Amino acid sequence: MHIRNLIFAFFFLLCACASSQKLSISELEEKVNAAEAQRNVSARSSIHYYWQLADLYLDNNDYDNAYRVIISALRLDPWNYKYQYIAAEIEMLNGDHERANNRLNFINSDLKDLLNLPGYYLYLATFPNLNSDVVELIAAKVTEEFGIEVRVINIGARESEVNIRDRQLGNIMRLKQVRSQYDANALMNQISGRFRNMMNEPYSLGILGITAEDIYTDDYNFLFGLGQTRLGVMSYARFLLDKPSTEQFEKRAVMQAFSSAGIIIGIPRCTYPSCARAYPHSLEEHDRKDVMLCYECRQNLRQRYARLKAIIAKDSSNSSKPPSTDGLGKKVSNNREKSERKAGGQTGHKGHTLNVPK
Ligand SMILES: [Zn+2]
């Protein structure tokens, strides 16, 4: 597998131990103290302990301790809007209205500034036998959160059998629900082979393929998505294994689509745990997140969009670029008046045909 395709190889262990075991307040305090002793980025991987501890304190109406833990956690993960709101509520309770207002303004000013990239679009390419509700939801949510048009296209062919691998041969019997697996790189090649033109259209942001089949690469036994700029593939097979509710399943799939869409559009992976795009350490952690991009991802998208908008704005009509560099998406002005007539031959027109020489 090529290194550049590894840019986002998402995999995580479905670690039952981390999700089912309930820790006590003192055990969680210990975990949090250990994390506090670390530097920011490594402490972030322990952020779920902070939130669990804060929740326990909140359950006990111990707002002082809950607030202390939440504020420490928000230093590591400021884009967790849910806990920002809880912190503001506690500040209100304590009569600290100024601090609460500043906090709410800080969150709202970012959320109000919606992303928007008119003119560009992302293709969502569907393999057969997908859950159409999920595909529709992904298209709608990516449109809403990223401010871009999403065009759904059918791949029109099954995942190529050439790229299948037998679970028995893989000798991975732990998850027997998975019938078979497909090579993620091969699926990407299948998509780009079929839709190279669409990938390279001037205003196309790229193609995200989606499959219901489990995927793997030579380096990972399974993954949720694989991609690079302009092309990616995601699978929702693993999101169904623990028989989640429809809502949980859809949320997982949409968050994976956000991750993949970001990589395809050309922004880096995200390290803020509450971000929909962040790599989760367990499905429980994944489920606890809101289906929202964090401030960092939104800022990265704003910068990327600004560059793309500058490309649209700068064509031969308003710059020194030659017309030949306008690309296929250039606007050709049409001065003709619109006719009422149908296109093509008009009724009553006498036909002419080429006489075949005898
Ligand atoms: Zn993010």
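Rules used throughout
Residues numbered from 1 in each chain as written. Predicted model: local features only at pLDDT ≥ 70, side-chain atom pairs only at ≥ 80, totals over all residues. Helix = DSSP H or I, 4+ residues; strand = E, 2+ residues; numbered from the N terminus. Core = buried A, V, L, I, M, F, W, Y, C linked by C-beta atoms within 7 Å. Buried ≥ 20, exposed ≤ 12 C-beta atoms within 10 Å, placed from the backbone. Pairing = 2+ DSSP bridges. Axes fitted to C-alpha atoms, helices over the stretch in contact; angles between N-to-C directions. Contact = placed C-beta atoms within 7 Å. Parallel < 35°, antiparallel > 145°, perpendicular 65-115°, else oblique. Left-handed = near helix turned anticlockwise from the far one by under 90°.

Right, let's talk about the environment of Ser180 for a bit. When you line up the elements, Ser180 lands in strand β4 (residues 180-183). Here the alpha-carbon distance between Ser180 and Ile215, two residues 35 residues apart in the chain, equals 8.6 Å.

The next point concerns the nonpolar core. Counting 57 residues, the largest nonpolar core has Leu122, Ile191, Leu208, Ile215, Ala257, Ala261 and Cys275 as its most contacted members. Counting 19 residues, the second-largest nonpolar core is a separate cluster that includes Tyr67, Ile70, Ala73 and Leu76.

In terms of residue burial, strand β5 (residues 204-211) counts as a mostly covered element, since seven of its eight residues are buried. Bridge analysis of strand β1 (residues 121-126) against β5 gives six bridges, and the strand direction is parallel. Paired with Tyr123 across the bridge in β5 is Ile207.

The five strands are arranged β2-β1-β5-β8-β7 in an open sheet whose pairing can be described as mixed. In the strand order of this sheet, the two ends are held by β2 (149-154) and β7 (225-228), each with one partner. Mean inter-strand twist for the sheet, computed between neighbouring axes without regard to direction, equals 20°. Where β5 lies against strand β8 (residues 231-235), five bridges are found, and the strand directions are parallel. Looking at β8, one finds that Ile210 is bridged to Met234. Most of the contacts of helix α10 (residues 184-199) go to β5, to which it runs at about 140°, and overall it touches β1, β5, β7 and β8.

In this section: the packing of helix α2 (residues 25-36) against helix α4 (residues 47-59). For the pair α2 and α4, the least separation of the axes is 9 Å and the interaxial angle reads 140°. Relative to α4, α2 is oriented oblique. The chirality of how α2 crosses α4 is left-handed. Taking contact as the criterion, the partners of Ile25, Leu28, Glu29, Lys31, Val32 and Ala35 in α2 are, on α4, Tyr49, Tyr50, Gln52, Leu53 and Leu56.

The next subject is the pairing of β7. In this sheet, β8 lies alongside β7 in antiparallel orientation, the contact comprising four bridges. Across the sheet, the residue bridging to Gly227 is Gly232, located in β8.

Take unusual backbone geometry next. One non-glycine residue with positive phi stands out, namely Asn61, at about 55°. With respect to the element layout, Asn61 can be found in the loop between α4 and α5 (63-76). A residue is classified by how many C-beta atoms lie within 10 Å of it, and Asn61, with 7 of them, is exposed. Not every positive phi belongs to a glycine, and Asn129 is a case in point at roughly 65°.

What follows is about the environment of Thr229. Within the secondary structure, Thr229 sits in the loop between β7 and β8. Placed 31 residues apart in sequence, Thr229 and Ser260 show a C-alpha to C-alpha distance of 9.6 Å. Apart from the residues within four sequence positions on either side, Thr229 is in contact with Gly206, Ile264 and Gly266.

Shape descriptors only; they carry no functional weight alone.
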